[in-house]
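# Observations on the three-dimensional arrangement
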Amino acid sequence: MHHPFQLLGKSDAEVSEKIQNAYNQLFHGDNENERICFDRHALKYIVDIGHSDVRSEGMSYGMFITARLGKEETFRALWNFTKQYLKNRRGDYAPYFAWQVGIPDKDHANFYKMDRGAAPDGEEYIAAALLLAAKNFGIPEYKREALTLLSQMLYKKTSGKVRSMFDKDRAMVRFSPMEGNDYTDPSYHTLAFYRLFAEATKDPIWERVYNVSVSYLKKAIHPETGLAADYSEFDGTPKFTDFNPMSGYFSGDAWRVALNLALDYTWEIPGVCEEAREDAKKMERDAIRHLLKFFDSHRPYFSDCSVDGSDYPKNARLQTTGLIAMNAAATLALDLQDPDDSSLAKHFLLDFWNTPVPTGTWRYYDGLLYLLGYLALNG
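Note that this is a predicted model, so its numbers are computed, not measured. (Residues numbered from 1 in each chain as written. Predicted model: local features only at pLDDT ≥ 70, side-chain atom pairs only at ≥ 80, totals over all residues. Heavy atoms only, no water.)

## A look at helix α1 (residues 12–28)
- If you check α1, its first and last C-alpha atoms are 23 Å apart, about what 17 residues at 1.5 Å a residue would give, namely 24 Å.
- Residues of α1 that are buried include every one of Val15, Ile19, Ala22, Tyr23, Gln25, Leu26 and Phe27, and no others. (Helix = DSSP H or I, 4+ residues; strand = E, 2+ residues; numbered from the N terminus. Expected span 1.5 Å × (residues − 1). Buried < 20%, exposed > 50% of the residue type's maximum accessible area, 1.4 Å probe, protein only.)

Below is the structure:
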């Protein structure tokens, strides 16, 4: 089976058309209601439309998407913008990328760093995108830049209150390299990327990071619902923070855990973490079965809830495009030859197939997850 959409009778050409239409709309569509990617001279940048800023998250997703789709010029323009406007070239945060950059307005003639702090998921996706681009476009410099970034993520010397992005003792990604952020985010544990980094760097610490993350996710993911929290302690316990009192619930960050599990389940990187793969894949399939069965039994399901499946304390959103995309991508880890798994997968694949490319104020995050979901399902 080339892709799970074959369960719905969809051809390779139909899936490719879905992806290209989504890319065209989000990267080249109408300025006011469709596109999220804009031009700055020879550079390109992705805007969080709802918050009117540029984020390392969006830039890294854009780079990953364009590397996967072979859009070399757009990839280069996004990467050059990221280096020019997001990279911290001096100060404690150097050489990390600022997670939030402001757009020129009446008070600012140019792009400016709203917050120089770094978000590790942005760095992880940037490094993975560079490695894919180096291979797909035949540009060794991209791999060299990825290796430099990966080394800093692991081994940056503490400067002021800024540390490495990974806790060296635990071999686990931090929520932030800023002192005091001694907890993590389940969606930052990009298992497939850790194997990719291990292959590229030949540094055995990445295999340790992978193994530790597998063990951590077993604890962070609820054994009955398959849900994880947006943030958690290093032991997997949901983490509630002062700046985000809802961070201990399943919400926007945590939607991405399913994609991470599914990508790791399907990506084959020979010779890397092979001893741990059987255990990891069992965990991934079990977690995804629980997750999809939970949502399938709660239709129409909500995008926000407690990790144990109980109600969210605020007004929960009905199933969003981003979560629909992630749940569809999760079907990659099911046994599609099994009648029960196949039937379960069809429900979520049909949801996704019938969901239009997002438009309007909140199209940024939903749109990027929409494309990431389709790319994962297309192999």
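On we go from here.
## Some remarks on the side chain of serine 187
- Following the sequence through the fold, serine 187 ends up in the loop between β7 (172–173) and α6 (191–201).
- Separated by 2.7 Å, the side chains of serine 187 and aspartate 185 make a polar contact.
- In this structure serine 187 touches Asp253, Arg256, Val257 and Asn260, once residues within four positions along its chain are discounted. (Polar contact = N/O pair within 3.5 Å; in protein donor to acceptor, adjacent residues only side chain to side chain. Contact = heavy atoms within 4.5 Å.)

## Thoughts on the layout of surface pockets
- In this structure, the largest pocket encloses a volume near 1100 Å³.
- The wall of the largest pocket is formed by 42 residues, among which Arg55, Glu57, Tyr231, Asn244 and Asp253 lie closest to the centre.
- At the level of elements, α2 (56–69) and α12 (363–377) are the ones that each hand at least two residues to the lining of the largest pocket.
- Ranked by the residues each element gives to the lining of the largest pocket, the list is headed by α12, at 4 residues.
- Here the residues of the lining of the largest pocket sort into 16 nonpolar, 13 polar and 13 charged. (1 Å grid on protein atoms, 1.4 Å probe; cavity = no way out; pocket = protein on both sides within 12 Å on 5 of 7 lines; lining within 4 Å. Points joined across faces, edges and corners; volume = space filled by probe spheres on them. Nonpolar A, V, L, I, M, F, W, Y, C, P; charged D, E, K, R; others polar.)

## Quick look at the pairing of strand β1 (residues 37–40)
- As judged from the 4 bridges shared by β1 and strand β2 (residues 43–48), these two strands associate in the antiparallel manner. Bridge pairing links aspartate 39 to lysine 44 in β2.
- With antiparallel pairing between neighbouring strands as the criterion, β1 and β2 make up a hairpin whose turn holds 2 residues, including histidine 41 at a positive phi of roughly 60°. (Pairing = 2+ DSSP bridges.)

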